Amino acid sequence: MTTDQRDSLLEAGLTHVAFDGWSAEAFRRGAEEVGLDPALVGEVLPTDAPALVAAFSDWADRRMLAALAEEDLSGLGVTAKVARAVRLRFEAIEPYQEAVRRSLSVLSRPGGAISGMTLLHRTSDAVWNALGDSSTDHNWYTKRMLLGGVISATTLYWLDDSSEDKERTWSFLDRRLQNVVKIGGRLGKFAARALALPDRVVRRMQARREWRGAR
């Protein structure tokens, strides 16, 4: 089965998650709509809830990247580019808002926190890679950690936002990203100092030994 066919089944099943939850039943119903034998769902998609949520997140990341590739980002600053990428992802999942809400319930179960952090990291990494991020060392981790926090907070805001065209959500996203720019600079400097600390300690210890030996 091709990726497009797999995605069609996923999308069809997502419309039933609101009623059947993240279950095999939701995607068996979706299979009937796309002309696939429901008995074959397990051969196309995982049937356990956390894995289905992960497949949905991967689908959303790919939709975001495809839409981002069509955008003209010339003239935009880095923060504006990140905001646009994140917004495109939310626009991709907009028709499946209830599925997103239910995915948070799945990820809040015992053991789900690690899965949730992994998915956030993958999304953050996809955004930064698509925008040509070339950072290394502590900057690489700092950018992805902070953006993951922004996406998480914005998701919660987005789920309860009843404003027209989600305008309040986009304002919230912009504010969080502006805060991240300030926080990121401080965290980056702190991380750099922390990474350099062992070398400084070693040098000081060596200097003390040399000083004592000279006495």
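Residues numbered from 1 in each chain as written. Predicted model: local features only at pLDDT ≥ 70, side-chain atom pairs only at ≥ 80, totals over all residues. Heavy atoms only, no water.

1. A closer look at the layout of surface pockets
- Counted as a void, the largest pocket has a volume near 410 Å³.
- For the largest pocket, the lining is made up of 19 residues, of which S103, L104, L107, L120 and T155 are closest to its centre.
- Elements that contribute at least two residues to the lining of the largest pocket include exactly α4 (49-69), α5 (78-93), α6 (97-107), α7 (112-130) and α8 (137-159).
- Residues of the lining of the largest pocket, tallied by class, amount to 12 nonpolar, 6 polar and 1 charged. (1 Å grid on protein atoms, 1.4 Å probe; cavity = no way out; pocket = protein on both sides within 12 Å on 5 of 7 lines; lining within 4 Å. Points joined across faces, edges and corners; volume = space filled by probe spheres on them. Helix = DSSP H or I, 4+ residues; strand = E, 2+ residues; numbered from the N terminus. Nonpolar A, V, L, I, M, F, W, Y, C, P; charged D, E, K, R; others polar.)

2. With respect to the nonpolar core
- Ranked by size, the top nonpolar core spans 47 residues in total, and within it L14, W22, F27, F56, I93 and L147 carry the most contacts.
- In terms of residue count, α4 provides more of this core than any other element does, 8 residues in total.
- Not counting chain neighbours up to four residues away, the residues in contact with W22 comprise L14, V17, F27, A49, L52, V53, F56, A99, R102, S103 and V106. (Core = buried A, V, L, I, M, F, W, Y, C linked by side-chain atoms within 4.5 Å. Buried < 20%, exposed > 50% of the residue type's maximum accessible area, 1.4 Å probe, protein only. Contact = heavy atoms within 4.5 Å.)

3. Thoughts on the pattern of salt bridges
- One pass over the structure, following the stated rule, counts 18 salt bridges.
- Across the pair D61 and R89 runs a salt bridge whose closest N-O atoms are separated by 2.7 Å. A residue pair is termed long-range when its members are at least 10 positions apart, and D61 in helix α4 and R89 in helix α5 qualify at 28 residues.
- The buried category is assigned to R89, whose relative accessible area is 13%. (Salt bridge = Lys/Arg side-chain N within 4 Å of Asp/Glu carboxyl O.)

4. Here's the deal with the confidence of the model for the protein chain
- For the protein chain, per-residue confidence averages 87 on the pLDDT scale, and residues scoring 70 or more make up 85% of the total.
- Within the protein chain, the element-level pLDDT minimum falls on helix α9 (residues 167-214), averaging 62, and the maximum on α4, averaging 97.
- When the criterion is pLDDT under 50, residues 190-203 qualifies, and its contacts beyond four places in sequence or with other chains add up to 4 contacts. (pLDDT = per-residue confidence, 0-100.)

5. Focus on unusual backbone geometry
- Even without being glycine, D165 reaches a positive phi, approximately 55°.
- Checked against the element boundaries, D165 lands in the loop between α8 and α9.
- Taking relative accessible area as the criterion, D165 reaches 56% and is therefore assigned exposed.

6. Regarding the side chain of T169
- Relative to the helices and strands, T169 resides in helix α9.
- Judged by its relative accessible area of 0%, T169 falls in the buried class.
- Setting aside chain neighbours within four positions, we find T169 in contact with T154, Y157, W158 and D161.

7. A closer look at helix α2 (residues 24-33)
- Every buried residue belonging to α2 is among A24, A26, F27, G30 and A31, and all of these are buried. Buried residues along α2 cover an arc of 155° about the axis, so they all sit on one side. In α2, the exposed positions that point more than 90 degrees away from the buried face belong to E32 and E33.
- At the exit of α2 stands G35, carrying a positive phi of roughly 80°. (Arc of directions from axis to C-beta.)

8. Comments concerning the environment of E98
- By the element assignment, E98 lies in helix α6.
- Separated by 79 residues in the primary sequence, E98 and F19 place their C-alpha atoms 9.2 Å from one another.

9. Some thoughts on the packing of α5 against α7
- For the pair α5 and α7, interaxial distance at closest approach is 10 Å and the crossing angle is 130°. The angle between the axes of α5 and α7 places the two elements in the oblique class. Where α5 crosses over α7, the two elements pack in a sense that is right-handed. Contact with α5, carried on its side by V78, V82, A85 and R89, involves T123, V127 and W128 of α7 and no other residues of that element.
- Of the residues in the contact of α5 with α7, the class split is 5 nonpolar, 1 polar and 1 charged. (Axes fitted to C-alpha atoms, helices over the stretch in contact; angles between N-to-C directions. Parallel < 35°, antiparallel > 145°, perpendicular 65-115°, else oblique. Left-handed = near helix turned anticlockwise from the far one by under 90°.)

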